[in-house]
Amino acid sequence: MTDYKATLNLPKTAFAMKANLAQREPDMLSRWQQADLYGQRQQVRQGAQSYILHDGPPYANGNIHLGHAVNKTLKDIVCRAQFLNGFATPYVPGWDCHGLPIEINVEKKLGKPGVKVSAKEFRSACRDYAASQVDKQKADFQRLGVLAEWDRPYLTMNYNFEANTIRALKDIIAKGYLKQGFKPIYWCFNCQSSLAEAEVEYQDKTSPSIDVKFTAVNEAEFEQKFALPHAGHGPISVVIWTTTPWTLPANYAVSLHPELDYVLVQVGEQRFIVAAALLDSVMQRYGVEDFQALGSVKGAQLENLLLQHPFLERTALIVLGEHVTTDAGTGAVHTAPAHGEDDFRVGKQYDLPIESPVGANGVFNADLPEVGGQFVFKANANIVELLQQRGKLVQSVALEHSYPHCWRHKTPVVYRATPQWFISMETLAAKAMEQLPNITWRPAWGHERMANMLKDRPDWCISRQRVWGVPIPIFTHKQTNALHPNTVEIMETVAKHVEQTGIEAWFEMDKAQLLGDDADDYVACNDVLDVWFDSGCSHYTVLAARENLHCPANMYLEGSDQYRGWFQSSLLTSVAINGESPYKELVTHGFTVDNKGRKMSKSLGNVIAPEKIIKQYGADILRWWIASADFSGELSLSDEILKRNADAYRRIRNTARFLLSNLPDFVPGENTLAAKDMVAIDRWIVMRAAQVQQAIIADYNDCNFYLAMQKIHHFCSIELGSFYLDIIKDRQYTCKTAGNARRSAQTAMFYILEAIVRWVAPVLCFTADEIWQFMPGERSSSVHLESWFTGLDIGYAEGFDDAYWQQVLNLRNEVNKHIEAARKAGDIGSALDAEILISGSSDTLALLGNISNDELRFVFITSAASVVPGDEGLQVAVRKSNCTKCERCWNHREDVDADSTYPGICGRCINNIAGEGEVRLFA
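Reference entry: report on the structure contained in this document. Remember, predicted model here, so these are calculated numbers, not experimental data. (Residues numbered from 1 in each chain as written. Predicted model: local features only at pLDDT ≥ 70, side-chain atom pairs only at ≥ 80, totals over all residues. Heavy atoms only, no water.)

A short note on the nonpolar core
Alright, step 1. Counting residues in each nonpolar core, the largest one holds 211 residues, and the members touching the most others are Tyr 700, Tyr 724 and Trp 759.
Alright, step 2. With 13 residues, the single largest contributor to this core is helix H23 (residues 705–734).
Alright, step 3. Non-local contacts of Tyr 700, meaning those with residues more than four positions away in its chain, are made with Ile 77, Ala 81, Phe 705, Ala 708, Met 709, Trp 759, Pro 762, Val 763 and Trp 788.
Alright, step 4. Ranked by size, the runner-up nonpolar core spans 59 residues in total, among them Tyr 286, Phe 364, Val 376 and Val 414. (Core = buried A, V, L, I, M, F, W, Y, C linked by side-chain atoms within 4.5 Å. Buried < 20%, exposed > 50% of the residue type's maximum accessible area, 1.4 Å probe, protein only. Helix = DSSP H or I, 4+ residues; strand = E, 2+ residues; numbered from the N terminus. Contact = heavy atoms within 4.5 Å.)

Right under this line is the structure:
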């Protein structure tokens, strides 16, 4: 037997089949960093139009979690795809560095500021701690493969950022949006500070649900209002319902709706007043079956009548409010102006005292009767017992309900009136609403969600009673509380000092030098800014301040919770300062859950750390999973899901390896064939790649990454793996090395590889660059310096369109079923042992009419194939070939051993070895 192995064009490549990503990626990352790949990208796109994705700053505290990995990877994919589009894509990462979480961690080590350590030392320690957290998270983000301006990120604690935050506040003040107020805001007793809306989350809480009697001071006045001949007997009480007994010490009124009917009802030896619409449900709740409605009046008729507070020596006024409903309770609302938004509004309207007897730590003032010195939530039980003793409690039951909690401490918060600084929403919210139609929303429902949040947006409390944050460097008059008339100029002076030495400058500045002769008449504000103001002004402090960025940004991309957080604070501050949205497109992603749809949490034990995934699978597998998920909803992850994604990755890698292994001797340009010289099927597969590329680019641009990944995987698995690459193996391996038949296939594979490596580059950033290093021809140092491949448009094959080849592909799948059945039956071994006879309708014959019988066998990878007219419907006959098997191509052919010079092989192989001619395939 003659050895013909040396005459074959066997695949050859150094590109490894096994990825070993966890071991290989760090070396590639080091190479990128040493070569300053990010800087090279900026040079390549110098002068090009910029595409700016503005990074929402994660908090500089703790290790990154899977949500961080999802967010940063999605941003990186966007930037890489837009770079391929030809844009310059400077990406400046940021960190939120002020605020309570950092203070808490520093307090654990140093104690509270002003107790064991000075405020200045405490702020310095906070700065050091935040810097250490930034360094740790930065390394983790880089390991994900995220390309960014890591050596020059923006930190909200950078001196220039702090200074520009003050300038942003100065501009907002100059536009008239800042106001001082004493009103109820969310207050956390653990933080001992006010909270923004975005810092509050809702959890279930069990509270005492009580019905309390507020007894009439003058019964005759009430009887007169009802104008009844028989007004019943016993004391008259307006009954209220509340789930916050601790707010009763701050009660100064009971609110009724002016248009609701209120009924005076006899219940035993006493009389109650409740909303008529709720009478039956109230009596049922009290377990009262014997009652008599004596008469009714509109709520407006009871206005300004006096009630006795249930346990304090003062009266409560009956007031009217549109906020009163009949959804629950009694239709009479206990009103504590210092502890609720609606209560506050009504209190201002009726000039009620707005006094909170609760300190910042949640403890009642010591001089308060009955409950002084008690913590409010613990006082609930004591107040209920006190009401019982005084005969004012109608009913008390435990109620589980949704209640606001501090997102940091996970503890219940309260509404508490304190003097604070607010950005007024009176006109600003409406101006922000006007910007919404100009924004592209992904998903589209984001528009409505933001509109709903702005519609009822309360004034934004921007002051915090903390130590670590950007100060509010303003002065108010001691008598009038008015801002100093030179506030804008003073703030600019402060900003210039902060620019040099940071926020400490404000605390060390001589106030007399700032104010001159007015110094004794004014008091400095000691509050710091809400951290949402810090980050929300990044359009001003980063986008407008950096030379390579611009505002508005092309895109903001964050988790869906940021509608009430960064998205909103950015929009409001930008509209206030610039009159326009800071973003043209807003994209949101969902949160990570396990394969059962449960939110990932340590308590459930279903958390999967990015670090663990990267160590086991590599960053590219994690990135592929992120890109393959429809991130507009929840992103489900488990070990099983990761394994499936690893399998999908292997399909992409193996496809690239096959293409590389068949191009070891291919020299682009020198060996590249023109379209007119290429084999039809080769021209078709390039045409298909061009069509797929258009769709993939559209998916990237629309942020439908999962659709792009599906198209890439389908193309590699079906049109390439199961069809084209399978068909051309014989031609690639056995045809003349430098002949047109082989060079045609190599040209097609080269073009496809040039395209695929770019298709996957935004997602499989490490693997794509690894492939790039093994590709033939002179090229740049990295695929990440390239644009989309434009060489696919080489012209369509004459007479062959995509629909035709899709029919051929479908026919091949049908024929393969018959071949597989024959193989399972033991009639044949491999497909090359078979000869097939196809008969069918005129349509089937027309479909195959462009391919000769001798070439048709290569479509089905059989030793022989022929087509004959037949009845309607496709008929496939499979039989074992009686011909001798060619030792070189393994086809069973009649002309094997026809030439004694080349024993054991067929005539086609002889032609390819001897160079005496070449069989054109699919001509």
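Right, picking up where we left off after that structure.
Quick look at the sheet that holds strand E29 (residues 875–880)
Alright, step 1. Taken in spatial order, the three strands make up an open sheet running E28-E27-E29, and their pairing is mixed. Both outer strands of the open sheet, strand E28 (864–869) and E29, are each paired with one neighbouring strand and no more. Neighbour to neighbour, the strand axes of the sheet diverge by 20° on average, direction disregarded.
Alright, step 2. Bridge count between strand E27 (residues 834–840) and E29: six bridges; the pairing is antiparallel. Its bridge partner being in E29, Ser 839 is matched across the sheet by Gln 875.
Alright, step 3. Packing of helix H26 (residues 802–824) onto the sheet brings it into contact with E27 and E29, and relative to E29 it is tilted by some 35°. (Pairing = 2+ DSSP bridges. Axes fitted to C-alpha atoms, helices over the stretch in contact; angles between N-to-C directions.)

Comments concerning the pattern of salt bridges
Alright, step 1. Taken as a whole, this structure holds 50 salt bridges when the rule is applied.
Alright, step 2. As a salt-bridge pair, Arg 442 and Glu 585 come within 2.4 Å of each other at their nearest N and O atoms. Separated by 143 residues along the polypeptide, Arg 442 in strand E17 (residues 440–442) and Glu 585 in strand E24 (residues 583–589) bring together distant segments of the chain.
Alright, step 3. When its relative accessible area of 11% is taken as the criterion, Glu 585 is described as buried.
Alright, step 4. One network of salt bridges, in which partners are shared, links Arg 167, Lys 170, Asp 171, Glu 492 and Glu 499. (Salt bridge = Lys/Arg side-chain N within 4 Å of Asp/Glu carboxyl O.)

Concerning the packing of aromatic side chains
Alright, step 1. Throughout the structure, instances matching the rule amount to 24 aromatic pairs.
Alright, step 2. An angle of 5° between the planes, with centres 4.9 Å apart, marks the rings of Trp 32 and Phe 766 as stacked. Of this pair, Trp 32 sits in helix H1 (residues 21–35) while Phe 766 is found in helix H25 (residues 765–774), placing the two residues 734 residues apart along the sequence.
Alright, step 3. Aromatic rings pair up to connect Trp 445, Tyr 556, Tyr 563, Trp 566, Phe 567 and Tyr 583 into one cluster.
Alright, step 4. It is Arg 123 that lies over the ring of Phe 507; its NZ or CZ is 3.7 Å from the centre.
Alright, step 5. Positioned above the aromatic ring of Phe 766 is the side chain of Arg 143, whose terminal nitrogen or guanidinium carbon lies 5.9 Å from the ring centre. (Phe/Tyr/Trp six-rings, centres within 6.5 Å; stacked < 30°, edge-to-face > 60°. Lys NZ or Arg CZ within 6 Å of the ring centre and 35° of its normal.)

Side note on helix H4 (residues 100–110)
Alright, step 1. What H4 keeps buried is the set Leu 100, Pro 101, Ile 102, Glu 103, Val 106 and Glu 107.
Alright, step 2. Phi turns positive one or two residues past the end of H4, at Gly 111, with a value near 90°.

As for the state of the cysteines
Alright, step 1. The full count for this structure, using the stated rule, is zero disulfides.
Alright, step 2. Take Cys 906: it sits in no disulfide, and the sulfur closest to it among the cysteines is that of Cys 909, at 3.7 Å.
Alright, step 3. Considering cysteine sulfurs only, Cys 889 is the nearest to Cys 909, which forms no disulfide, with 3.7 Å between them.
Alright, step 4. Its relative accessible area of 0% is what places Cys 909 among the buried residues. (Disulfide = S-S within 2.5 Å.)

Quick word on the sheet that holds strand E1 (residues 53–54)
Alright, step 1. Judged by pairing direction, the sheet is parallel, and its four strands sit side by side in the order E1-E23-E24-E17 without closing on themselves. The strands lining the two open edges of the sheet, one partner per strand, are E1 and E17.
Alright, step 2. Where E17 meets E24, three bridges bridge the pair, whose relative direction is parallel. Across the sheet, Arg 442 pairs through a bridge with Val 587, a residue of E24.

Things to note about the layout of surface pockets
Alright, step 1. Reported here for the second largest pocket is a volume of approximately 990 Å³.
Alright, step 2. Taken together, 33 residues form the lining of the second largest pocket, with Thr 243, Thr 244, Val 333, Asp 342 and Asp 343 sitting closest to its centre.
Alright, step 3. Those elements that provide at least two residues to the lining of the second largest pocket are strand E7 (236–242), strand E14 (332–335), helix H9 (341–349), strand E15 (393–406) and strand E16 (414–423).
Alright, step 4. Among the residues forming the lining of the second largest pocket, the class breakdown is 15 nonpolar, 13 polar and five charged. (1 Å grid on protein atoms, 1.4 Å probe; cavity = no way out; pocket = protein on both sides within 12 Å on 5 of 7 lines; lining within 4 Å. Points joined across faces, edges and corners; volume = space filled by probe spheres on them. Nonpolar A, V, L, I, M, F, W, Y, C, P; charged D, E, K, R; others polar.)

Remarks on unusual backbone geometry
Alright, step 1. Here the bond from Arg 442 into Pro 443 is cis, since omega is 0°, no more than 30 degrees from zero.
Alright, step 2. Turning to its location among the elements, Pro 443 is positioned in the loop between E17 and helix H12 (446–455).
Alright, step 3. In this structure, the amide linkage connecting Cys 551 to the following residue, Pro 552, adopts the cis form with an omega of 5°.
Alright, step 4. Among the secondary structure elements, Pro 552 is positioned in the loop between helix H17 (538–543) and strand E23 (553–559).
Alright, step 5. The residue Asn 20 is not glycine, and still its phi comes out positive at about 50°.
Alright, step 6. Summarising the element assignment, Asn 20 is placed in the segment before H1.
Alright, step 7. A positive phi angle, near 50°, is found at Asp 36, a position not held by glycine.
Alright, step 8. By the secondary structure assignment, Asp 36 is in the loop between H1 and helix H2 (37–44).

Focus: the packing of H23 against H26
Alright, step 1. One can describe the packing of H23 onto H26 by two numbers: an axis separation of 12 Å at closest approach and a directional angle of 85°. Considering the angle they form, H23 stands roughly perpendicular to H26. For the pair H23 and H26, the contacting residues are Ile 718, Glu 719, Ser 722, Phe 723, Asp 726 and Ile 727 in the first and Trp 805, Gln 806, Val 808, Leu 809 and Arg 812 in the second.
Alright, step 2. Grouping the constituent residues of the contact of H23 with H26 by class yields six nonpolar, two polar and three charged. (Parallel < 35°, antiparallel > 145°, perpendicular 65-115°, else oblique.)

Quick look at the environment of Thr 487
Alright, step 1. You can see Thr 487 is positioned in helix H13 (residues 487–501).
Alright, step 2. Classification of Thr 487 as buried rests on a relative accessible area of 6%.
Alright, step 3. Reaching out from Thr 487, the side chain makes a polar contact with the backbone oxygen of His 484 at a distance of 2.5 Å. (Polar contact = N/O pair within 3.5 Å; in protein donor to acceptor, adjacent residues only side chain to side chain.)

Section: the packing of helix H22 (residues 680–701) against helix H24 (residues 740–759)
Alright, step 1. In contact at an axis separation of 9 Å, H22 and H24 are set at 10° when each is read in the N-to-C sense. When the interaxial angle is binned, H22 and H24 end up roughly parallel. Taking contact as the criterion, the partners of Asp 682, Ile 685, Val 686, Ala 689, Val 692, Gln 693, Ile 696 and Tyr 700 in H22 are, on H24, Ser 744, Ala 745, Ala 748, Tyr 751, Ile 752, Ala 755 and Trp 759.
Alright, step 2. For the contact of H22 with H24, the class distribution of residues is twelve nonpolar, two polar and one charged.

As for the environment of Ala 648
Alright, step 1. Note that Ala 648 resides in helix H21 (residues 639–661).
Alright, step 2. A C-alpha to C-alpha distance of 51 Å links Ala 648 and Ser 207, two positions 441 residues apart in sequence.
Alright, step 3. The contacts of Ala 648, once residues within four sequence positions are left out, are Trp 624 and His 713.

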